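Analysis of the macromolecular model
Take a look at the letters that make up each chain.
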Amino acid sequence: MFFEAVLPARALPPVQSAVVMSTPTARRLVRAYTTYLRFVGIALFLIVPVVDRAWLSSVELVAVVFVLSALVRPGQLTLGKYSYVTLTPVVGLVSALLLGPGITVIGLAAGTFTADLVLIRKAAFASVINACREIVGLMAAYGAFVAAASFSNITSLETVDSIPALTIYVLSYYCVSRFLFYFTLAMRRKLGAHEAHFILRYEVLTYGMMFVAGAIVVLTVVTLPPITWPFVGMLLLFAFYAVKRIIEEAVHAEQLTKIHAMESVLSSTVELDQTLA
C-alpha cells in the first residue's frame, strides 16, 4: 500500500469519515422503511392489475415489458459504492404511458425481481425491495400524471398541452424513486456531502438523457409506423451504451484525480517531516 510505503514508522492521522455508525433509532427507521415499502409495493402489485385489467387480453405485452425490464436491468451505470443507474425508468415510464399501469406493473416488477435475483445474483430480500421500489416510484409518478392530465383536460399525448403533465410525470418519478433509493443511506449517514453532490451531478445528467430517450420512444410509437420502431430502438441502445461508457470514464477520471491529490498531500507531508528531522 502507498500509505505503508510512505509512512512506515508513523501512525496515520485520524481521518474524518462520512460513514457513521447507525444509531438504534436509525436502525428502527430502516427496518420500518423496508417493511412498509414491501407492504405498499406488494399491495400495488396486487391492486393495480385488478383495477386495470387490460393485461388479461394482452399477455404478450406483459411478456415484452418483462423481457425488456430484465434485459436492461443488469446494464447498470455505477456512480459510486452505493449508487447506480439503470434503464429501468425508461421501460417503466414509457410502458405506463403507452400500455397502461396494469401491464406495466406486472412486467416491470417481475422483470426487476428476476434480473436482480438471477442475473445480478442479489439476495431474494433485496430483489423484492428493489421491485417494490420500482412499483411505488412509478405508480406515484403515474398518479401525479393522471391528476395533472385531468386538471388540464388532456386527451392525447400528441398535443402541446400534454407537456406540463408529462413534465410532472418525469419529475415526480425522479424525486420519489431517488428518495426511496437513498432514504436508508441518509439514515445511516453513508454519504458525505461531497459524494452526495458528485452523485447528484451525474444522476441529473443521466436521468435527463433517459427522459429524452423516453420521449423519443413515445413519439416514435405514436407518430411513426411500426416498421421503423426496431431501427429507432437500435439507435437508442447504441447511444445509451456510448453515453454510459463516456460517463463511466468521467467518473473514473474524477476518482483518480481525488486519489492523486491525496497522494500528493501525503508525499509533501512526509518530505517536510524528513527535512525538519
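Given the structure is predicted, the values throughout are model-derived calculations rather than measurements. (Residues numbered from 1 in each chain as written. Predicted model: local features only at pLDDT ≥ 70, side-chain atom pairs only at ≥ 80, totals over all residues. Heavy atoms only, no water.)

**Quick word on the side chain of arginine 73**
Here arginine 73 shows up in the loop between helix H3 (59-72) and strand E1 (77-78). Among the polar contacts made by the side chain of arginine 73, one reaches the side chain of tyrosine 84 at a distance of 3.5 Å. When neighbours within four sequence positions are excluded, arginine 73 is seen to be in contact with Tyr84, Thr86, Thr88, Thr112, Ala115, Asp116, Ile120, Asn130 and Glu134. (Helix = DSSP H or I, 4+ residues; strand = E, 2+ residues; numbered from the N terminus. Polar contact = N/O pair within 3.5 Å; in protein donor to acceptor, adjacent residues only side chain to side chain. Contact = heavy atoms within 4.5 Å.)

**Regarding the environment of valine 251**
For valine 251, the location among the structural elements is in helix H9 (residues 229-276). Put simply, valine 251 and glycine 80 are 171 residues apart on the chain and 8.5 Å apart in space, counted from C-alpha to C-alpha. In contact with valine 251, other than residues within four places in its own chain, are Thr78, Leu79, Phe198 and Tyr202.

**Thoughts on the side chain of serine 127**
Among the secondary structure elements, serine 127 is positioned in helix H6 (residues 124-152). Since its relative accessible area comes to 0%, serine 127 is described here as buried. Within the local environment of serine 127, its side chain forms a polar contact with the backbone oxygen of alanine 123, the two atoms lying 2.9 Å apart. (Buried < 20%, exposed > 50% of the residue type's maximum accessible area, 1.4 Å probe, protein only.)

**Topic: the pattern of salt bridges**
As enumerated under the stated definition, the model contains five salt bridges in all. Here aspartate 116 ties to arginine 73 by a salt bridge, and the two come within 3.0 Å at their closest N and O atoms. Taken together, the residues aspartate 116 in helix H5 (residues 101-119) and arginine 73 in the loop between H3 and E1 connect sequence positions 43 residues apart. We note a salt bridge from lysine 244 to glutamate 248, for which the minimum N-O separation is 2.8 Å. Taken together, the positions of lysine 244 and glutamate 248, both in helix H9 and four residues apart, correspond to about one turn of that helix. (Salt bridge = Lys/Arg side-chain N within 4 Å of Asp/Glu carboxyl O.)

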